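Breakdown of the fold
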Amino acid sequence: VRILCAAASPDAGLRVPAHGQLLELEGKPGFLLLLLEAYADASADPQGRLLAVLMCKSVVDRHWNTRSGQGMSVEERTQAKGCLL
């Protein structure tokens, strides 16, 4: 959540490195599940929770299908569906 909030910061010194970290993490297995956990954490910063769910949508749009060669594994998709239902 801290990285998500930093990525939305008006301070470029915080925003640019955080955005780079998110891009790096996006392609790693389990990232979608971490975002879903961040969203589900009621004690987290509300802005961070909103950013987590918005990033979830983007990750799903880009990586759900394996056509790009960088898609999510069937296992990760099944776990994400379980979190959402």
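Read on for an overview of the structure. (Residues numbered from 1 in each chain as written. Predicted model: local features only at pLDDT ≥ 70, side-chain atom pairs only at ≥ 80, totals over all residues. Heavy atoms only, no water.)

Enumeration according to the criterion identifies 0 aromatic pairs in this entry. Positioned over the ring face of tyrosine 39 is arginine 49, at 5.1 Å from the centre of the ring. (Phe/Tyr/Trp six-rings, centres within 6.5 Å; stacked < 30°, edge-to-face > 60°. Lys NZ or Arg CZ within 6 Å of the ring centre and 35° of its normal.)

Below, the discussion takes up the nonpolar core. Counting 18 residues, the largest nonpolar core has Leu22, Leu32, Leu35, Met55 and Val59 as the members making the most contacts within it. Of all the secondary structure elements, the ones that give two or more residues to this core are helix H1 (2–7), helix H2 (12–26), helix H3 (31–40) and helix H4 (46–63). Ranked by residues supplied to this core, first place goes to H3 with 6 residues. Once you skip the residues sitting within four places of it in the chain, leucine 22 turns out to touch Ile3, Leu4, Ala7, Phe31 and Met55. (Core = buried A, V, L, I, M, F, W, Y, C linked by side-chain atoms within 4.5 Å. Buried < 20%, exposed > 50% of the residue type's maximum accessible area, 1.4 Å probe, protein only. Helix = DSSP H or I, 4+ residues; strand = E, 2+ residues; numbered from the N terminus. Contact = heavy atoms within 4.5 Å.)

It is worth spelling out the packing of H3 against helix H5 (residues 74–84) at this point. Interhelical geometry of H3 versus H5 gives an angle of 15 degrees and a closest axis separation of 9 Å. Comparing the axis directions of H3 and H5 gives the class roughly parallel. Read as a crossing pair, H3 and H5 show a hand that is left-handed. Across from Phe31, Leu32, Leu33 and Leu36 in H3, the residues of H5 making contact are Glu76, Gln79, Ala80, Cys83 and Leu84. Here the contact of H3 with H5 is built from residues that sort into 7 nonpolar, 1 polar and 1 charged. (Axes fitted to C-alpha atoms, helices over the stretch in contact; angles between N-to-C directions. Parallel < 35°, antiparallel > 145°, perpendicular 65-115°, else oblique. Left-handed = near helix turned anticlockwise from the far one by under 90°. Nonpolar A, V, L, I, M, F, W, Y, C, P; charged D, E, K, R; others polar.)

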